[in-house]
Amino acid sequence: MTSSGVRHVTSINDLTNREIERVFEVADNYLDSLGDPVHKHRIAESTNAASGRILASLFYEPSTRTRLSFESAMLRLGGQIVTSADPATSSVAKGESLADTVRVVSNYSDIIVLRHPRDGAARLAAEYATVPIINGGDGAHEHPTQTLCDIFTLRRENKKLRDLNVAVSGDLRGSRTIHSFVYALARFGANIMMMPAKGMELPHHVDQRLREEFNCRMVPREQYEHENAAVDALYVTPEEPHQLSLIPNVDPEVVKLRKKVDVFYVTRFQKERWAEAKGDYPKIDSKFLKEPKYADTSVLHPLPRVGELDTALDSDSRAVYFRQASYGVPVRMALIDLLTRRADGLARYDTGFGEPPRALYDRPNDVGMRCTNDNCIVHDPLEKHYTRNKFWLLPGGADKQRLRCIYCEADSEASMAGQAKKHEFHAAGDEEVTDDTVFFRDENDARAAGYRDRRKKRA
């Protein structure tokens, strides 16, 4: 994502596949100098790639690995850091907005890493920062640099992403890490087995994007539910169309998944995203992984773990999660380096995954429909003067308009559209969207805004 000529990474989809590979090429070089965790006798070295530059870490939520690995990465690059790791000791405690904070901190630094509890906070920050913003996790939206570490880990483990069979377990709804991860898996052609904890299935808009934008094909549940009872949904992302199965009503991809799972990705219960604790959370241990299909599985976890991953697995040859955490430094070194280079950096590469062009609906914060995600940054009282009701317009039904919030990327539906000049409303989809169009979630919202029903006037 770009603003004012500055390159930002607020979503994994802000990077093309080619750019991700470029990050990994640079990370490989830095890993050679740091020493691969498999070869601990090697002495870590620093570089001067970021000499004279400053990284600001703005963390509005707790963090260990993300913040320290970013700060370590900048120091290893020969740069300096300034940090705000506790909102209670910063001006946010006085009521300062995120927009004002990043505008000020842009003057103190050359790059900013942001973590925030609100979905879409990184996109808002990118609108006001004059230096690159890296999303270190925003609410339940995304955590793109964790995904870079995850994919880099699979690459180091000699796991080819194309046709890789990946099981994803735990809180798939609240985990921003999972959302970035499954987008990347789909883009690189992996098959994804969703194994959510009860009531923690993948958010609808993430599922919809996987199917509509990333060419994932859903396998009918009856083809796998008997032998894979824990699997809630199965996505296959083939490079070429599937051949017809020789076995009636059984997808060949399902047959392959029954035989082998290459990666098992575990995530914790995101208690900070839920109003109450949830029971029956899955625990992964040696007993669970004893089936033959897990014999050569690499077990990943973004950490921290809080009981869902048995510590007895730490000595298992399949456990990769501590190496996964260690790769955070070279990967983030590479990303910082490429975003702050004056030449041959990410700014010289394609921007974004290449999403199809869409019309942008943009209205003031207090006009018409707002994002229906209650945790979106647009609902933060401190940001009300800096956010707008901004959505990408998506293909919808005959009587509804689908909209995607540009901040948190959650999808909403408007059933009513109004004409601002006449203060009249009608069913959405009746006519072309213009600068005078205002969307409303339903008829009640339109009436509450003082709009009259144009349909009754015609009658």
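Refer to the structure printed above.
To keep things clear, this report deals only with the structure shown in the data block.

Reading the values: the criteria
Residues numbered from 1 in each chain as written. Predicted model: local features only at pLDDT ≥ 70, side-chain atom pairs only at ≥ 80, totals over all residues. Heavy atoms only, no water. Helix = DSSP H or I, 4+ residues; strand = E, 2+ residues; numbered from the N terminus. Buried < 20%, exposed > 50% of the residue type's maximum accessible area, 1.4 Å probe, protein only. Contact = heavy atoms within 4.5 Å. Salt bridge = Lys/Arg side-chain N within 4 Å of Asp/Glu carboxyl O. Core = buried A, V, L, I, M, F, W, Y, C linked by side-chain atoms within 4.5 Å. Phe/Tyr/Trp six-rings, centres within 6.5 Å; stacked < 30°, edge-to-face > 60°. Lys NZ or Arg CZ within 6 Å of the ring centre and 35° of its normal. Polar contact = N/O pair within 3.5 Å; in protein donor to acceptor, adjacent residues only side chain to side chain. Pairing = 2+ DSSP bridges. Axes fitted to C-alpha atoms, helices over the stretch in contact; angles between N-to-C directions. Parallel < 35°, antiparallel > 145°, perpendicular 65-115°, else oblique. Left-handed = near helix turned anticlockwise from the far one by under 90°. Nonpolar A, V, L, I, M, F, W, Y, C, P; charged D, E, K, R; others polar. 1 Å grid on protein atoms, 1.4 Å probe; cavity = no way out; pocket = protein on both sides within 12 Å on 5 of 7 lines; lining within 4 Å. Points joined across faces, edges and corners; volume = space filled by probe spheres on them.

Turning to the overall build of the chain, a few remarks are in order. Scanning the chain from terminus to terminus reveals twelve helices and 20 strands. Taking all 459 residues of the chain together, 56% fall into the buried category. Within the chain, contacts between residues at least 6 apart in sequence are counted, and of these 69% link residues at least 24 apart.

Attention now moves to the pattern of salt bridges. Oppositely charged side chains are able to pair whenever their charged atoms sit close together. Within the structure shown, the criterion is met by 27 salt bridges. Lys390 is the partner of Glu127 in a salt bridge, and the nearest nitrogen-oxygen pair spans 2.6 Å. Highlighted residues: Glu127 in helix α4 (residues 121–128) and Lys390 in strand β14 (residues 388–394), separated in sequence by 263 residues. Under the relative-accessibility criterion, Glu127 is labelled partly exposed at 26%. We classify Lys390 as buried; its relative accessible area is 12%. Between Arg388 and Asp362 there is a salt bridge, with its nearest N and O atoms 2.5 Å apart. Remark: Asp362 occurs in strand β13 (residues 360–364) and Arg388 occurs in strand β14; sequence separation between them is 26 residues.

Counting 63 residues, the largest nonpolar core has Met194 and Leu210 as the members making the most contacts within it. Grouped together as the second largest cluster of nonpolar side chains are 41 residues, Ile112, Met369, Leu393 and Phe440 included.

In this structure the tally under the stated criterion is twelve aromatic pairs. Judged by centre distance (5.6 Å) and plane angle (90°), the ring pair of Tyr128 and Tyr386 falls under edge-to-face. Separated by 258 residues along the polypeptide, Tyr128 in helix α4 and Tyr386 in the loop between β13 and β14 bring together distant segments of the chain. The exposure class of Tyr386 is buried, given its relative accessible area of 18%. Through a chain of ring-to-ring contacts, three or more aromatic side chains come together here, namely Phe24, Phe152 and Tyr327. In this arrangement the basic side chain of Arg209 is found over the ring face of Tyr183, its NZ or CZ atom lying 5.1 Å from the centre.

With that settled, the discussion passes to the side chain of Asn135. The topology assignment puts Asn135 in strand β6 (residues 133–138). For Asn135, the side chain forms a polar contact with the main-chain oxygen of Thr10, separated by 2.9 Å.

Residues Met416 and Gly418 of strand β17 (residues 416–419) are buried on one face, and the alternating residues Ala417 and Gln419, pointing to the opposite face, are buried as well. In the sheet, β17 pairs with strand β18 (residues 424–427) via four bridges, with the strands oriented antiparallel. Within β18, the position partnered with Met416 by the bridge is Ala427. As consecutive antiparallel partners, β17 and β18 are separated by four residues, and within that stretch His423 has a phi angle of approximately 55°, a positive value. Two elements, β17 and strand β19 (residues 437–440), share four bridges in a ladder whose sense is antiparallel. Directly across from Gln419, in β19, lies its bridge partner Thr437.

Another aspect to go through is the side chain of Gln324. Of note, Gln324 is situated in helix α9 (residues 321–326). A polar atom in the side chain of Gln324 sits 2.7 Å from the side chain of Asp150. Not counting the four nearest positions on each side in its chain, Gln324 is found in contact with Gln146, Cys149, Asp150, Thr153, Tyr265, Leu300, His301 and Pro302.

What follows covers the sheet that holds β17. Across the sheet, which stays open at both edges, the four strands sit in the order β19-β17-β18-β20 with mixed pairing between neighbours. Every other strand in the sheet has two partners, leaving β19 and β20 (452–453) as the edge strands with one partner each.

This part takes up unusual backbone geometry. Cis rather than trans, the peptide bond between Leu303 and Pro304 has omega equal to 5°. Summarising the element assignment, Pro304 is placed in the loop between β12 (298–300) and α9. One non-glycine residue with positive phi stands out, namely Leu303, at about 60°. By secondary structure assignment, the location of Leu303 is in the loop between β12 and α9. With relative accessibility at 14%, the residue Leu303 sits in the buried group. One non-glycine residue, Glu409, lies in positive phi territory at about 70°. With respect to the helices and strands, Glu409 occurs in the loop between β15 (401–405) and β16 (411–414).

What follows covers the packing of helix α1 (residues 17–34) against helix α5 (residues 144–156). Put simply, α1 and α5 touch, their axes get as near as 11 Å, and they point 70° apart. With respect to each other, α1 and α5 are oriented roughly perpendicular. At the point where α1 passes α5, the crossing takes the right-handed sense. Contacts between α1 and α5 involve Ile20, Glu21, Phe24, Ala27, Asp28 and Leu31 from the former and Leu148, Ile151, Phe152, Arg155 and Arg156 from the latter. Taken together, the residues of the contact of α1 with α5 break down into seven nonpolar, no polar and four charged.

For the coordinates displayed, the defined rule picks out two cavities of 30 Å³ or more. In this structure, the largest cavity encloses a volume near 70 Å³. For the largest cavity, the full set of lining residues is Arg65, Thr66, Gln146, Cys149, His301, Pro302, Tyr321, Gln324, Ala325, Gly328 and Arg332. Going through the elements one at a time, α2 (65–76), α5, α9 and α10 (328–340) are the ones with two or more residues in the lining of the largest cavity. A total of three residues in the lining of the largest cavity trace back to one element, the largest contributor, which is α9. Counted by class, the lining of the largest cavity contains four nonpolar, five polar and two charged residues. Considering the residues around the second largest cavity, the lining is formed by His141, Glu142, His179, Tyr183, His205, Val206, Arg209, Cys408 and Glu409. At the level of secondary structure, the elements contributing two or more residues to the lining of the second largest cavity comprise α6 (176–187) and α7 (204–212). With three residues, the top contributor of residues to the lining of the second largest cavity is α7. A per-class count over the lining of the second largest cavity returns three nonpolar, three polar and three charged.

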